[in-house]
Amino acid sequence: MKFILYISEYLVPIIIFYIAGFAFLSKRPVFDDFIEGAKQGMKTVAEILPTLIGLMTAVGVLRASGFLDFLSGLFSRYGSSLCNR
C-alpha cells in the first residue's frame, strides 16, 4: 500500500515533466496546443450541457415527487419474492 501511495504522490509531477520535456524536444508550441484543447473542451461542454441540465432536472422532479421511492419499494418487494422461492 505504501508503494501505491509513493507512486501516486509523484505521478502527476512526472507526467507534467514528461509533457514539458516531450514538447521541448519536439519543439511543439505547448501553450497553443493547450488553448486548442481547451477550446474543443468548451465546445463539447456547450453541446452536452442542455442535455445534462434536462436529465438532472428530471431526476430531481422524480425524487421530489416520491416516484423513485415507490418504484424502489415495488422492485424490492418483487425481488425479495423471487429470492424466497
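Residues numbered from 1 in each chain as written. Predicted model: local features only at pLDDT ≥ 70, side-chain atom pairs only at ≥ 80, totals over all residues. Heavy atoms only, no water.

Asks: Which residues make up the overall build of the protein, and what values do they have?
Replies: Along its length, the protein carries three helices and zero strands. Of the regular secondary structure in the protein, the N- to C-terminal order runs α-α-α. Taken over C-alpha atoms, the radius of gyration comes to 24 Å for the protein, far larger than the 12 Å a tight globule of 85 residues would show. If one aligns the C-alpha atoms of the protein with their principal axes, the spans along those axes are about 65 × 40 × 20 Å. Split into buried and exposed, the 85 residues of the protein put 1% on the buried side. In the structure as shown, the protein presents an accessible area of about 8000 Å², 73% of it carried by carbon and sulfur atoms. Positive and negative side-chain charges in the protein, numbering 8 and 6 respectively, have mean positions lying 10 Å apart. (Helix = DSSP H or I, 4+ residues; strand = E, 2+ residues; numbered from the N terminus. Rg over C-alpha atoms; globule rule 2.2 N^0.38 Å. Buried < 20%, exposed > 50% of the residue type's maximum accessible area, 1.4 Å probe, protein only. Areas by Shrake-Rupley, 256 points an atom, 1.4 Å probe, with all protein chains shown as cover. Lys, Arg positive; Asp, Glu negative; His and termini not counted. Charge placed at Lys NZ, Arg CZ, Asp CG, Glu CD.)

Asks: Could you give an account of helix α1 (residues 2-26), naming the residues involved and the relevant values?
Replies: Taking 1.5 Å of rise per residue, 25 residues should cover 36 Å, and α1 covers 36 Å from first to last C-alpha, within 8% of that figure. In the structure, α1 departs most strongly from a straight axis at Leu11, where the bend amounts to approximately 35° and where the proline Pro13 lies between one and four residues downstream. By the criterion of burial, α1 is predominantly exposed, with just one of the 25 residues buried. (Expected span 1.5 Å × (residues − 1). Bend = angle between axes of the 7 residues up to and from the residue.)

Everything listed here is a matter of coordinates, which is why it stays silent on function.
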